[in-house]
Amino acid sequence: MLHEPAVVEGKDYAIGYKMRVGVIMFVLYALVYAGFVIINVSNPVKMESIVFSGLNLAVVYGFGLIIFALILALIYNGLCTKKEALLNKKTESKEGR
Amino acid sequence: MEILSVVLFVFIVLLVLVLSWFFARRSKSASGYFAAGGNIHWSVNGIAFAGDYLSAASFLGICGMIATVGYDGFLYSIGYLAGWIVALFVIAEPMKRMGKYTFADALDSKYNSKSIQLTAAISTLIVSICYLIPQMVGAGSLVTPLLGLPHAAGVVIVGSIVIFIVATAGMTSTTYVQFLKGGLLVIFSLVLVFSVMSRGISTKPDQGGKVPFQKSVELTAMESDGVMQVDGFKVLDEKDIAGVVLVKMVPVDSNQNLTGPVAWWKKMKSPDGIQLCETQFFNINANGEKWINGAPASEENQLLQVGTITKIRGKAGDVETGPVGPFKFLAIIGDKNSEIKRWKSVSFEDGDEQATVYYPVLTSGNTIMRPGLKFKVGGTGIERMEFISLMLALFFGTAALPHILIRYYTVPSAACARKSTIVAIAAIGFFYILTMYMGLGAMVNKVVNLADNNMSAPLLAKSFGTFLFSMISAIAFATVLGTVSGLIVASSGAIAHDLVDRFSGVEMTDKQKVRLGRIAAFAVGIVAIILGIVFKGMNVSFLVGWAFAVAASANLPAILMLLFWKKTTAKGIAASIVVGIIAAIGIILLSPEMWVRYGLPAADAPLKFGQPGIFSIPLSFITLVVVSLMTQKKTKSA
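Residues numbered from 1 in each chain as written. Chains lettered and ligands numbered in written order. Predicted model: local features only at pLDDT ≥ 70, side-chain atom pairs only at ≥ 80, totals over all residues. Heavy atoms only, no water.

**Regarding the pairing of strand β1 (residues 218–224) of chain B**
Residues and elements named next belong to chain B.
Alright, step 1. One ladder, built from four bridges, connects β1 with strand β6 (residues 273–278); its direction is antiparallel. If you follow T220 over to β6, its bridge partner there is Q275.
Alright, step 2. As paired strands, β1 and strand β2 (residues 227–229) are joined by three bridges and run antiparallel to one another. Bridging from a neighbouring strand, M222 pairs with Q229 of β2.
Alright, step 3. Linking β1 to β2, which pair antiparallel, is a turn of two residues; within it D225 sits at a positive phi near 50 degrees. (Pairing = 2+ DSSP bridges. Helix = DSSP H or I, 4+ residues; strand = E, 2+ residues; numbered from the N terminus.)

Structure (structure tokens):
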């Protein structure tokens, strides 16, 4: 039933790196999200402007926020996985020696 | 009541119960019961996250709100999804590394503090109950059209089944129920959206020829010396309710004999004189009897479903687009020359009767497809602040919901916690895009129930046939079951693990802890049933917005500061949780919406707003910083 074996996690040497990248990406997304909220309260009519294919800014920005979240998430995972493989393997091999 | 609906409903419920029974054997230990043994695969956990998160609020509430107020409902989709960014980038991995069974474990990992154990457990209980209310309200809404049972029966059925699931198998069965339901919900929502696109948009929606389109009646009236006259009608009364002028009339023949029931009409000024629009209405008389549209309420005599587009890109009359693509669908509805007929309501006392009148309002497409119909983003300072406050609470609330946080303990590693969050973002994000199409589809297909917009998506499915309706409704019901199960697991963990075991220090064996968890699940389930009946009729997404505000205010500042500020102390965390809860709930209890619940006029509420996040979240942060700074020495000496 797709159960993974219960494992005891070893030390993760990539924690610091992952936290830094996470915070940067969080701030980046928060700024884009804040932009959406600010446009809505400062100039709500602007949201009616057509951007492409008859879709207005409200729809494009709204859908864009959802898609942007997924793109950032995938980039974050790629970076974290790479760093985990590099740092944890390097440290393990040093400890092994 | 359709046989197929009942069969599918019973099938889904039995499937859930069988899963619970099957997994019950894995829940003998505390780890098995509260955290599914910590060995769920990340991909299963990711979809289960979606199952947990795509609750009645997402499916029923958001679609219902989009169907009645357009883009404003979609703001919830945006906010709910954005919250996962906080969960992924900041919370997921540390939460997995620090905790064991509950959210309080993680907060208390550095301190072993009684005050954190107590406040975090109370916070978990309060947030879970706030979140439980809308789920139970959603269950009641679903059961009425599906099984022909009253609202309260739906609430009791869900409560009883969930108590059984949680009391028998805990987190393992809850995870697989969520996995199954999350997957089915996304798949069948896609089928529904595909059906909406294939049908296209029509000014005379007839549900694929099944329900003939009925045009609403409009009359022209004359007024002389303040007396209004309408051919074929006798005017009985005229009322101005908060700017909405309603006229009470009865049809008569040439001899002034009554030929039909009394009805309310909405009066409007037009270039040709006075125009009267047909309304729908219900009255509750002194004996408590309910009358709908001038006749006693019955299974046959109910409020008619509404929601039509009256002009497609400026063209009125009999216009049909045929099948449309996803971009074109949104472009047509959002066109400034398109016109949607929405419905609003007013309630008032009419003699010794309580009357509610629903009247049509024509709204242009460009207004529908931008914020402003519910949240007055272009309105007063308070109204704009309400909007910012809501968006803030949605953004910060997700990562502070106890039933979401405990799912990080069901996977084997921090990397799995991260990966399962990404799967969740993909599934949830995709579903939220679909909500826009389901909501707008309901808005123009004449399927909106005036008395309860929560049913818009299932009723849209019904317009495509009994199978889709039955399937969507059964999944929606499973949605409620799954989410309520997760919330009750979180609550029972807070009681058995945080309060009794850790805070009170009662020595318990693993077996006793699980037994206590089951008893706690039963008690929380009973509370949820009672609240689900009391809050009948409120939009479930709106209610969930409050739960997010309480979670974001009580829990998030504590989690974030614990991770990122070294001077954080146990007392600072406990104080911020208490202040966050009191501020958020205090604002909600004094809000205009709650004043209406108390049976008082909304205008008399002490506060003019009801979204607490903008005040309560910063207040909780400030409290944590101030108290932590004040208790630095004590922490060091300890």
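**What to know about the packing of aromatic side chains**
Residues and elements named next belong to chain B.
Alright, step 1. Going through the model one piece at a time under the given rule, you end up with 28 aromatic pairs over all chains.
Alright, step 2. Ring centres of F233 and W265 lie 5.6 Å apart, and the angle between their planes is 75 degrees; this geometry places the pair in the edge-to-face category. A residue pair is termed long-range when its members are at least 10 positions apart, and F233 in strand β3 (residues 233–241) and W265 in strand β5 (residues 263–270) qualify at 32 residues.
Alright, step 3. Relative accessible area serves as the criterion here: at 21%, F233 is assigned to the partly exposed category.
Alright, step 4. Classification of W265 as buried rests on a relative accessible area of 7%.
Alright, step 5. Through a chain of ring-to-ring contacts, the aromatic side chains of F49, Y53, F59, Y76, Y80, W84, Y131, F375, F387, F431, Y432 and F548 assemble into a single cluster.
Alright, step 6. Just above the ring of F464 sits the side chain of R199; from NZ or CZ to the centre is 3.8 Å.
Alright, step 7. Across the ring face of F469, the terminal group of K462 is positioned such that the distance to the ring centre comes to 5.0 Å. (Phe/Tyr/Trp six-rings, centres within 6.5 Å; stacked < 30°, edge-to-face > 60°. Buried < 20%, exposed > 50% of the residue type's maximum accessible area, 1.4 Å probe, protein only. Lys NZ or Arg CZ within 6 Å of the ring centre and 35° of its normal.)

**Some points on the pattern of salt bridges**
Alright, step 1. The final tally for this structure, using the stated rule, is nine salt bridges over all chains.
Alright, step 2. Between E93 of chain B and K18 of chain A there is a salt bridge, with the nearest N and O atoms lying 2.6 Å from each other. On the criterion of chain membership, the pair formed by E93 of chain B in helix α5 (residues 71–98) and K18 of chain A in helix α1 (residues 15–42) is interchain, its members lying in two chains.
Alright, step 3. On the basis of relative accessibility, which here comes to 3%, the residue K18 of chain A falls in the buried class. (Salt bridge = Lys/Arg side-chain N within 4 Å of Asp/Glu carboxyl O.)

**Some details on the sheet that holds strand β4 (residues 244–251) of chain B**
All names here are of chain B.
Alright, step 1. In spatial order, the strands read β2-β1-β6-β5-β4-β3; together these six strands make up an open sheet with antiparallel pairing. Of all strands in the sheet, those with a lone pairing partner are β2 and β3, marking the two edges. Taking the axes of each pair of neighbouring strands and ignoring which way they run, one obtains an average angle of 35 degrees across the sheet.
Alright, step 2. Here β4 pairs with β5 via four bridges, running antiparallel. (Axes fitted to C-alpha atoms, helices over the stretch in contact; angles between N-to-C directions.)

**Structural notes on a nonpolar patch on the surface**
Alright, step 1. A contiguous nonpolar patch, built from I67, I71, I75 and L79 of chain A and spanning about 320 Å² of accessible area, is present on the exposed surface.
Alright, step 2. Positionally, L79 of chain A belongs in helix α2 (residues 57–96). (Patch = residues over 30% accessible without salt bridge, like charges linked within 9 Å, V, L, I, M, F, W, Y side chains within 5 Å. Areas by Shrake-Rupley, 256 points an atom, 1.4 Å probe, with all protein chains shown as cover.)

**Here we look at the sheet that holds strand β10 (residues 308–311) of chain B**
All names here are of chain B.
Alright, step 1. Taken together, the six strands give an open sheet; going across it, the order is β9-β8-β7-β12-β11-β10, and neighbouring strands pair in antiparallel fashion. Two strands in the sheet have a free side with no partner beyond their single neighbour: β9 (295–296) and β10.
Alright, step 2. In this structure, strand β8 (residues 290–292) lies alongside β9, joined through two bridges in antiparallel fashion. Opposite I292, over in β9, you have A295 as the bridge partner.

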